[in-house]
Every structure is written in C-alpha cells, then in structure tokens.
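Structural features, examined
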Amino acid sequence: MNKLPKLPTGIQSFEKIREKGYLYVDKTKYLVDLIDDGEVYFLSRPRRFGKSLTISTFDALFSGKKELFRGLYAEKFFERPDYKAHPVVELDMSKVIATRGMETLVDSMILQVRRNAERHSVGLSELAFRDPSTALCELIETLAKKEQIPVVVLVDEYDHPILDFIAQPEKADEIRRLLKDFYTQIKASDKFLRFVFMTGISKSAKMGIFSAMNNLKDISMKNEYATMLGYTEDELLSNFGGHIDRTAAALGESREDLVSQIRDYYDGFSFDGRNRLYNPFSTLNFFDDATFKNYWFETGTPSFLVAYVKKHDLEVENFRGLSVDDEFTLVAEIERASPESFLFQSGYLAVREQRGRNLVLDYPNKEVLSSVARLFLYGKFELPGIRATANDLGEALGNGCAGELVKVYNALLASLPYDLYEREERKYAREHRRKQEGGISVPYAESFYHMILFALIWASQVNTTAENHSYRGRSDIEAEKNGHRYVVELKVADGKEAAEKAADDAMMQIREKGYADKYAETGVTQGSTTRGSTTLIGLAVDRTARRVGACRIEKDRRVTLRI
C-alpha cells in the first residue's frame, strides 16, 4: 500500500507543510486572483479555520519562494514577466498580550514591529520604540525606500486583543482606540504599499477600527471567495481518499457510510448560503484519531464565548432557521453585537441559505450543535459533568433506551439552582400578563422546560429537530440515532394529578396528530435485516415539584414505561 501523505494537523506554516511533505489542499488560485484584482483586503473567518496558513502562504508567495509552489496553481505566477519579490511585514496579533494592562499591550505591539524590522535588517528610531503607530509607519516607509520596491503588509487576527474583553465594553473600547491608531498607519502609508491582507473573527468593517480604512475590501461573504478557507466535499474526496479508506477500514464502516458521517459531523460551514465547507481543524484531527469528537470546539474554546452566553442569557434553540438581513454583522462592534451576529462571526452559526437580501442561519453541523448545547447548559446553569452526562445519554438513545432520557432530564432539572427557577417564573409572569391582555393563553414556562430538553438531547449528539410539521400539526421534538427514533411531546402542569392528565394528553396528541406515522415502515437496513424502532414519549413536568411528574412511553405501539 502506498504511504499516505502526512496530515498537517495544527501546522500553520505553509513553508513547513511544503518542505516536510505534509498534505496541502491547493488554495493558491484564490491568492493569485486577489493579487490580480486589488490591493487591500479583509477576510473574516472563525478561529482554527486556516487564516494563519493563508497569511503564511501569502508571505511565501510575495517573498519569492518559488520552490514551495511546485505543482500548485500559483507556480506559474512566478513565471510572469512582471513578477517581483516584495518585502513582507507580517503582524501576528494573536501574539499581542492584552490581558496584563495597556503598557504590556503597547510593548507587545512594538515587539511585533521590531521583529519585522530585524527580519529585514531595518533600523528604527528611538521614538519608534515608544509608540507602536510610529513604529509601524516608520518601518513601512524605511523598508520600501531601502528595498526600492513597495511593501506587503499581512495582519493576522487583527481583533484578537479585543476579544479577551468581550464582557467589558469600556476596556474593549480603550484597546480599540489604540488599534485604530495602529492600523490607520497602513492607510497612511498607501504610497509605499503593494498589497494588504487582514484577517480576524469580527467583521464590523463599517465601525471602529476600520472607519478610517475606507479603501478596505471586505471579501468575507463574497461568493467568489466563499471556499477560500475550509474544505469543500470535492476537495475532501480528492485529497483525503486514502485517509478515508484507511479510517473506514479501522472503524469497520463502508466508505459511503463513513463519508456520510463525516459530513454530518464536520461539514456545513457556509459564508454565502451556497457553498458548504468542512472544518479543516476537525477534519484533520478526525483522520488522525479515527474517532468522532468535537475537536474544534473542545480545543481552546474561547473564554469570550462563555462570557457572552452568560451575559446575554442565550437559548440554544432560538437560532435554528433564524432569518436576518445580509448586513446583520455590520451594525455594531462584536462586544455589542446581536447574539446572532456574535455567534455567526465566532463560527457557531452558518448561512443555511440566501433569500434575496435575507440570510437564514443555523448551526453548521452536529459537532457545533452538540458543543453549543453543552456550552449553553454549562455557561448558563454551570452544570458540572454535562459532557459525560450527554455522552451517556447519546449512547443510551442510540441503543433504544428511552427511559434513560427521562432519568437524565429529571437529574438535570434537580441540578438547577432555585433562583434560576424563580427567575424563569418572573419571566413567565411578565409574558403571561402581556399576552393575557391580547386574549392569548401562555402555558407555564413551557419554553424554559422545552429549551432544557432540546439542549440536553442536542448535547448528546443525537439527530434532533424541533417543531416538526406533520399533516395534522407540529411535534415538539423528534430525535434519531442508530435507527432508533423518538417522538416527544412535553407539557407543563401544576401538581401531580394535573401532570398525570397532561402526560396522557401528550401521548394522545402524538397519536391523534399522527406525528409518528411517517416512521411506520422505516428502519435501518444492515445486510439482510432491518433494525431500529419508533418510540413515543409523552412528558409532563410538574412545576411545583420542578421535575417530571408523569411520563408515558410507548415503543412500537407497546407500553413499556408508565410513571
């Protein structure tokens, strides 16, 4: 068997990937097109999505390292009669330290400039070592005059110093003012520049830092650059074919089934509503480990996300199928952005489709959905051990054990602090008064208990949908794993007796509305046998006891549990 190319897991250096023979998915056409079409660009993408590798590739391309591009699209770029190597200033703002005070921040920004000066043997004045803006301006001008050719400036993670203060807007503003002065020097040095490329997470290009850089072209949601980072399915199949076959053999799966599972877990990122992308970090880690895990989320989940979830009291199910206008990310700085703008820019929501000037958002894949559900449960409720609990529940549901759902859900409700319930009761009271005036009945805090149950099942990596339309109504929850399907109706009652009746009503509603009829002849076929089941679950939460007061479970029309 031919030896498979090494996987560049965690490697962000284009030079190292090419020199050491690691697998490289050729994205250099996009870089050449950008160089041909303009001069000053900005690209927003989530963390660990290939931004740093792109910066490194631009550096090698402009620095004249032709040997690294042998066999790639950009190889012919060096053969152009007008090709010239350019000096490159590369600023990696992820290495700038912002958490130890402004003085340390200033010093680390100056250090970034100083290292570039040393790289090109350029001397800077004493004044430059006291002010980062002065240092950057002086470096660009001095370097251009020394080399007698315009300079290329590459800025990676431009907003990293701000993101540590997502829950402290005043501090974020202070840092932003310093960064604005710093980046403004790039615009001021225009006559000495050949090309500028900036990356980051937030894309508030009309505000703050970029307000003075009116020549900046934001390509973050441009269709022609939608697949510049990440892997398309065609790229996955053509570049990772040997790794797919090896992993399929190791897991005892067919090639087709494995690709389908990888698609469910790691595909689905989209920045234009048309093109879907695999997360490169998770994809590489999966082929390394041959295990489905939440690699992207669990490796370095940013603290700013946890802080944001707590501050804004977010609920995981509110963002599925959410419609927004196509400029929804440009209305505020990221620490003041709407939750959907924040989650999209951070990579936790993707564009599912485009409808004219509107975009429909959703979680991109199973990895992100289950991870965000766990984060919301932990971030909002500070529940210890939610990861292990969710893993156990996912395994139980995958084996057809519906009773485990009730057990785990009850344990989760018992873990919530009393002041959380009191807060939800006050929220319900306000909503009840408001809707009662319009003659609308509001079931007691049903949305709260639904949200907890939704998040719990989603966190368990079980295929789950909510508010599913049937020919006679909408079911609360439908879930499936390994061919075992669950149709759940949840109600909230006041007291044990009322809960018993509500559970009966929930089960009757599932039957009368035909929520499970579409599964009547459905199973999962393996070889010559069909496995799987359909389970109906009617739940009733007793709000006075703050637990499941009654439950009805029927599996394949047989009553298997009644409490």
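Presented here is an overview of the structure given in this document.

1. Structural notes on the pattern of salt bridges
- Applying the stated rule across the entire model yields 24 salt bridges.
- For K145, the salt bridge identified is with E141, shortest N-O distance 2.7 Å. One end of the pair is K145 and the other is E141, both in helix 5 (residues 132-147) and 4 residues apart, which spans about a single turn.
- Taking relative accessible area as the criterion, K145 reaches 47% and is therefore assigned partly exposed.
- A residue is classified by how much of its surface remains accessible, and E141, at 29% relative accessible area, is partly exposed.
- Of the charged contacts in the structure, one is a salt bridge between R552 and D504, with a shortest N-O distance of 2.7 Å. Of the two residues, R552 sits in strand 15 (residues 547-555) while D504 sits in helix 20 (residues 496-512), which places them 48 residues apart along the sequence.
- What makes D504 partly exposed here is its relative accessible area of 31%.

2. Here's the deal with unusual backbone geometry
- The backbone phi angle of S121 is positive, close to 55 degrees, even though this residue is not glycine.
- Of note, S121 is situated in the loop between helix 4 (102-119) and helix 5.
- Under the relative-accessibility criterion, S121 is labelled exposed at 59%.
- The phi torsion at N482 lies on the positive side, around 55 degrees, for a residue other than glycine.
- Inspection of the secondary structure puts N482 in the loop between strand 10 (473-481) and strand 11 (484-493).

3. Observations regarding helix 7 (residues 169-188)
- Taking 1.5 Å of rise per residue, 20 residues should cover 28 Å, and helix 7 covers 28 Å from first to last C-alpha, within 8% of that figure.
- Those residues of helix 7 that fall on the buried side of the exposure criterion are P169, A172, I175, R176, L178, L179, F182, Y183, Q185 and I186.

4. Remarks on the nonpolar core
- Core analysis: the largest hydrophobic core is formed by 125 residues, its most contacted members being F58, F197, M228, F240, Y409, I452 and L539.
- The element best represented in this core is helix 19 (residues 446-459), accounting for 11 residues.
- With residues near it in sequence (within four places) discarded, Y409 still touches Y449, I452, L453, L456, L490, L539, V541 and V548.
- Residues L105, A117, I175 and L178 belong to the second largest nonpolar core, which totals 41 residues.

Calculation criteria
- Residues numbered from 1 in each chain as written.
- Predicted model: local features only at pLDDT ≥ 70, side-chain atom pairs only at ≥ 80, totals over all residues.
- Heavy atoms only, no water.
- Salt bridge = Lys/Arg side-chain N within 4 Å of Asp/Glu carboxyl O.
- Helix = DSSP H or I, 4+ residues; strand = E, 2+ residues; numbered from the N terminus.
- Buried < 20%, exposed > 50% of the residue type's maximum accessible area, 1.4 Å probe, protein only.
- Expected span 1.5 Å × (residues − 1).
- Core = buried A, V, L, I, M, F, W, Y, C linked by side-chain atoms within 4.5 Å.
- Contact = heavy atoms within 4.5 Å.

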